[in-house]
Every structure is written in structure tokens, then in C-alpha cells.
Amino acid sequence: MTVPERALELALAAAQAAADKKAEDVVVIDVGDQLPITDAFVIASAPNERQVLAIVDAIEEELLKLPEKAKAVRKEGERAGRWVLLDFNDIIVHVQHSDEREFYSLDRLWKDCPIVPFVDRDLVEAEAGAGSAA
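Source: prediction; values computed, not measured.

Asks: Lay out the packing of aromatic side chains with the relevant residues and their values.
Replies: Ring pairs (aromatic) are described by centroid distance and by the angle formed between their planes. Taken as a whole, this structure holds three aromatic pairs when the rule is applied. Relative to Trp 110, the ring of Phe 41 has its centre 5.2 Å away and its plane inclined at 85 degrees; by these criteria the two rings are edge-to-face. You can see Phe 41 sitting in strand β2 (residues 40-46) and its partner Trp 110 sitting in the loop between α4 (106-109) and β6 (115-116), a full 69 residues away along the chain. Relative accessible area serves as the criterion here: at 6%, Phe 41 is assigned to the buried category. Each member of the aromatic cluster is reached from another via a ring pair, and the members are Trp 83, Phe 103 and Tyr 104.

Asks: Before we move on, can you summarise the nonpolar core with the specific residues and values?
Replies: If you look at the biggest cluster of nonpolar residues, it comprises 32 residues, and the most contacted ones within it are Val 28, Val 42, Ile 59, Leu 63, Phe 88, Ile 91 and Val 93. When residues of this core are traced back to their parent elements, those giving at least two are α1 (5-20), β1 (24-30), β2, α2 (49-65), β4 (83-87) and β5 (91-97). In contact with Val 28, not counting residues within four places along its chain, are Ala 11, Ala 15, Ala 40, Phe 41, Val 42, Pro 114, Ile 115, Val 116 and Phe 118.

Asks: Which residues make up the pattern of salt bridges, and what are the values?
Replies: The final tally for this structure, using the stated rule, is eleven salt bridges. Between Glu 100 and Arg 82 there is a salt bridge, and its shortest N-O distance comes to 2.9 Å. Remark: Arg 82 occurs in the loop between β3 (74-76) and β4 and Glu 100 occurs in helix α3 (residues 98-104); sequence separation between them is 18 residues. What emerges from the salt-bridge pattern is a single network uniting Glu 49, Arg 82, Asp 99 and Glu 100.

How each quantity is defined
- Residues numbered from 1 in each chain as written.
- Predicted model: local features only at pLDDT ≥ 70, side-chain atom pairs only at ≥ 80, totals over all residues.
- Heavy atoms only, no water.
- Phe/Tyr/Trp six-rings, centres within 6.5 Å; stacked < 30°, edge-to-face > 60°.
- Helix = DSSP H or I, 4+ residues; strand = E, 2+ residues; numbered from the N terminus.
- Buried < 20%, exposed > 50% of the residue type's maximum accessible area, 1.4 Å probe, protein only.
- Core = buried A, V, L, I, M, F, W, Y, C linked by side-chain atoms within 4.5 Å.
- Contact = heavy atoms within 4.5 Å.
- Salt bridge = Lys/Arg side-chain N within 4 Å of Asp/Glu carboxyl O.

Next comes the structure, spelled out in C-alpha cells:
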């Protein structure tokens, strides 16, 4: 099964918003076949609590800018800033402190699920600029 169009739109927008705030190791995982409550996970990490919270804020702001706005129906972990979960129904976003990401290893737990391709647009633009400068 592939990620439905709406979930894909949300996941890629969330992933880009995280990347824009310098999130590390941004991954989108298609969990729809394994988990009936959502279609995709977006997982991102940051080296400190302040950055985790900045990434969370950026994701929420970006998804509210979409033509069909998305607002989290549930938000957990914001107070500690170590692992914040944002539930948008179609997708669930996990923004984790790097230590939590390594310890809980969600990527490994969901390794049997397909990875949805995501490339940070800033990397694409930087590569295009470097290619034209040569």
C-alpha cells in the first residue's frame, strides 16, 4: 500500500518544515499497512530541547499554511522537550532529542515498513547552485 495523497502532502510538508529548522535525520515512514490509526510517521531529531521545540512549532505553523489546513488533534511531550509527538490523524510526527532517538530507535522498530522518499529542498538547491558554479 502507498501513502494516501493527503497523508503524503502532510508528511512531506512536516519533513520540510523540520529540515528548515535544521532537524537531523528526517525520515518519513509508510506505516499504513502495519498501523491502522495513521498512514505515516515523520521522525526528526535535534541535539537540544530548545531546537526540538522550535522544530515542533515550525511543523505546526507549516501545516496550518496548507490549502487544506491541518491542526494536531493531540500533542504530547512538549513540556519536557525531549520527545514531542504531534498527531494529525493522517500522520504522526515524532520530534526527538538525539539521545531519545538513539535510545528508542523508532527507525529500527519500523524497519519493515517502506521509507517514503524525502529530500530537503535546500540540499537540492545547494547542489544545483554548486553544479552551475563549476
